[in-house]
Amino acid sequence: MAEPAPLVVYVIDDDASIRDSLALMLGLGGYATRLFADAESFLVAFDPGWSGCVVADLRLPGMSGVGLQSRVRSRGSTIPFVIITAHGDVPAARAAFRAQAVDFIEKPFDEAQLRAAIDTAFALEQHRIDTAELRRADLEKLARLTEREREVLDQAVKGLHAKEIAAVLGISSRTVEVHRTRIMEKLEVRNIAELVRFAVAAER
Amino acid sequence: MNVLRYLRDAAVFAPCYVLLDWVSYIHPLGAFNITPWNPQPALAIAWMLLGGLAHAPAVCATIALADGIIRGFPAGYAVTGLTALTLTTGYAGIAAVLRALLRPKPSLHSLRQLTLFVGVVAAGTVVVAVGFLGVLYGTDALEPGAALPGWLRFWVGDAVGVLVTAPLLLVAADADQRSSLCALARRGETYLQIGLVAATLWLIFAGLGGDPSHHFYLLFLPLIWIAIRSGMAGAIIAIAIVQVGVVIGIHHRSLQTLPTIELQALVAALTLTALYLGVMVEERERATESLKRSLRLVAAGEMAGAIAHEINQPLTALANYGRAGQMLLEAGRNAELAGVIGSMLAEAQRASEVVRRLRDLFRQGTTRLEPVPVAHLLEAARRAGTNGLTVAAERDLPDVLVDRLQIELVLRNLVANAAESVDGAEIAVSAARHDARHLRIVVSDNGPGISPAAAKTVFEPFVSGKPSGMGIGLAVSRAIAEAHGGTLEARAASHGEFHLVLPFQSHG
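Read on for an overview of the structure. These numbers come from a predicted model, not from an experiment.

**Observations regarding the overall build of chain B**
So, point 1. Scanning chain B from terminus to terminus reveals 15 helices and 7 strands.
So, point 2. With 508 residues in all, chain B has 38% of them scored as buried.
So, point 3. Contacts spanning at least 24 positions in sequence make up 72% of the contacts within chain B whose residues lie at least 6 apart.

**Digging into helix α8 (residues 188-207) of chain B**
Residue and element names in this part refer to chain B.
So, point 1. By the burial criterion, the buried members of α8 are Gln193, Val197, Thr200, Leu201, Ile204 and Phe205. Projected down its long axis, α8 shows its buried positions confined to an angular sector of 120 degrees, all on one face. Exposed positions of α8 whose direction lies more than 90 degrees from the buried face are Gly188, Tyr191, Leu192, Gly195, Ala206 and Gly207.
So, point 2. Its buried side turned inward, α8 meets α9 (220-252).
So, point 3. Downstream of α8 by one or two residues, glycine 209 has phi in the positive range, about 70 degrees.

**Here's the deal with the interface of chain B and chain A**
So, point 1. Facing 25 residues of chain B, the contacting portion of chain A comprises 20 residues.
So, point 2. Every element with two or more residues in the side of chain B that touches chain A is listed here: α10 (260-330), α11 (337-363) and α12 (374-384) of chain B.
So, point 3. Ranked by the residues each element gives to the side of chain B that touches chain A, the list is headed by α10 of chain B, at 16 residues.
So, point 4. Here the side of chain B that touches chain A is built from residues that sort into 11 nonpolar, 11 polar and 3 charged.

**Focus: the sheet that holds strand β5 (residues 438-444) of chain B**
All names here are of chain B.
So, point 1. If you walk across this open sheet you meet the 5 strands as β2-β4-β5-β7-β6, and the pairing is mixed. Every interior strand has two partners, whereas the edge strands, β2 (389-393) and β6 (487-490), have only one. Within the sheet, the average angular offset between the axes of one strand and its neighbour, ignoring direction, is 20 degrees.
So, point 2. In the sheet, β2 pairs with strand β4 (residues 427-435) via 5 bridges, with the strands oriented parallel. Paired with leucine 389 across the bridge in β4 is isoleucine 427.

**Here we look at the sheet that holds strand β5 (residues 103-106) of chain A**
Residue and element names in this part refer to chain A.
So, point 1. On the basis of which strands lie adjacent, the open sheet formed by 5 strands has the order β2-β1-β3-β4-β5 and parallel pairing. Of all the strands in the sheet, the pair left with one neighbour each is β2 (32-36) and β5. Across the sheet, the mean angle from the axis of one strand to that of its neighbour is 20 degrees, orientation sign disregarded.
So, point 2. Here strand β4 (residues 81-85) runs beside β5; their pairing, made up of 4 bridges, is parallel. If you follow isoleucine 84 over to β5, its bridge partner there is isoleucine 105.
So, point 3. The strands touched by helix α1 (residues 16-28) within the sheet are β1 (8-12) and β2, with β2 carrying the most contacts at an inclination of about 170 degrees.

**So, the pairing of strand β3 (residues 52-57) of chain A**
Residues and elements named next belong to chain A.
So, point 1. Counting buried residues in β3 gives 6 out of 6 residues, a clear majority hidden from the surface.
So, point 2. Judged from the 5 bridges that link them, β1 and β3 form a sheet pairing that is parallel. Counterpart to valine 8 in the pairing with β3 is glycine 52.
So, point 3. With 4 bridges joining them, β3 and β4 adopt parallel strand pairing. In the strand pairing of β4, aspartate 57 is matched with isoleucine 84.

**Let's talk about unusual backbone geometry**
So, point 1. Cis rather than trans, the peptide bond between lysine 107 of chain A and proline 108 of chain A has omega equal to -10 degrees.
So, point 2. Residue placement: proline 108 of chain A occurs in the loop between β5 and α5 (111-143).
So, point 3. Its identity is not glycine, yet glutamate 188 of chain A carries a phi of approximately 55 degrees, on the positive side.
So, point 4. Examined against the element boundaries, glutamate 188 of chain A turns out to sit in the loop between α8 (173-186) and α9 (192-203).
So, point 5. A positive phi angle is found at aspartate 396 of chain B, which is not glycine, with a value near 55 degrees.

What counts as what
- Think of each chain on its own: its residues are numbered from 1, step by step along the sequence as written.
- Lettering of chains starts at A and numbering of ligands starts at 1, both following the order in which they are written.
- Residues qualify for local features only when their pLDDT is at least 70, as the model is predicted, and side-chain atom pairs are given and counted only at 80 or more; totals for whole chains, interfaces and linings, by contrast, use all residues.
- In this description a helix means any DSSP run of H or I spanning at least four residues, a strand means any run of E spanning at least two, and both kinds are numbered starting from the N terminus.
- Backbone-placed C-beta atoms define the burial measure: a residue is buried with 20 or more other C-beta atoms within 10 Å of its own, exposed with 12 or fewer, and partly exposed in between.
- For every residue pair, C-beta atoms are placed from the backbone, and the pair is scored as a contact if these atoms sit within 7 Å.
- To be clear, the arc concerns the directions from the helix axis to the C-beta atoms.
- In the scheme used here, Gly and all other residues not listed as nonpolar or charged are polar, with Ala, Val, Leu, Ile, Met, Phe, Trp, Tyr, Cys and Pro taken as nonpolar and Asp, Glu, Lys and Arg as charged.
- Following DSSP output, two strands are said to pair if at least two bridges run between them.
- Only C-alpha atoms enter the line fits that serve as axes; for helices the fit covers just the stretch in contact. Angles between N-to-C directions range over 0 to 180 degrees.

Have a look at this one:
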């Protein structure tokens, strides 16, 4: 299994001092950071596989932080956004939350506030990554089944007994039971109930 | 009431009243003060309007005295006493009603106040004329056939006299208004206007010959000019001059019988026209002024927002560096602290510069003019724009004399507008000489542009194509440009184009 990509704080602010000071402070706090001066250069570098958190200023030259957020969403990434601003701008805050920003922080902010927002964002990312990881493992297990075993599993999930499955597939109920045991071994489940739960979760 | 003050006021009032009565005692009916021009009631009404009804006894005595001095008690002491009492009651009534209606201060500043004044004077003088003629008729001092024409003449004389003279007295009694009269007196145009009115009067009474009332309409032209240019104060002075001119004209041609009543009716029409025009001009000016004031307030609010943003940036960086310094200390990495402290000092410096500018803003009003290189302004515009923004400037442009922060605000506003006009806007900002003393900055985009009609309305506050605030932005931008002695215009074109004209720093 591949090592998961590290969580990074992507800082986008047109003010060089803000970028520099944030990088220093967050770096000392143990966060990995990458800095961008505007939305365009971030989008050029952006890869939907990135995970972590974007800390973007609301007013950026060209495209606003909230505008950038929707562009990133349209490229299929759910990376969490924290919007920071020197203007206590209510409509902008509303727009940011509608686009599912994790937090909307007014400058000047204190470190604890920003870290709390970043940590919330990271927790969201970690949860997303973990779920994705589990799902990927489940799908791998399913892929180990043979075609016949897949058919048996599909019928079992519908709640049919061995005899009924045998009738549907035109094989003996004994063979069905052999298949079912093999399936449970491959999927690492102990009983029929767990088997059904696994199959339903994996199909989702 | 202070007795001394009462006597002093009466000592000023009585001679003025007698003098006005004597001057205006022209074309009388019989031996009575039934003349087509009666300005002295205005004096009585104005005195009681401003000073209160306690002046009524002094007014009554003065009216009787004037009748004695000028006309030698034409129908005996009793009739003079009775008419003086009647007139005083009438004028006091008019003054009391006006006092109640024109609260808190008797003045003619609004359409409503003027209409009330005209209505009360017109109706009040009808009653006064009925009372006066009634007394004469009742005491058999007048032949019965003269009662109706006498009433008309008395009414017109009083009404015109009050309408023309009372506004003048009210203006003269008000310190603010007096200063606006003085301002008029300092203007060359005022003398040209007076000259034109005098010349028109001469034409009507002498130059053109014939019946003066046939050419009277000519006076409307200079009166309209004056009312539009100089408002209420100008209109009041002008109609006073016209009234004096008409009286002199009547005297001058006294050998012929002139239709004095008709002339006075024309003066009344002219007076009403000029007063209403004057009041409307003043109301419009007040509305424009209050709009300008609120725009200045909005501009100040926008400036405060811009400054808050500018001061928040270094503060944020300062806090970040400070926290980083703490963490370095905790980790024992003291050697790295020097760099962080250096950065903190630089940020503190940046913040203090903003504060200094803020202080200057409050100390020196809203604009702080300084020579600014054109390149600096264009750089600010470039920073506000996207990658699709190009900047061009003519060579060797002199510095402009502007408030850098405010003009940068205007440019950012224009660039932001252009950027929102179309997706992936290509914005061009160019600077060139407008004329010998002005720079022109053109901000254009490849958006759809605006129609000629919209070019006029985009600057009006609250007119905006967008739901949030840019309408105010453009109105404020124009207010800022004009406060610099420049202009900001939208050009109707197939693409968006705004022209900002700013003054160069003048040498010498």
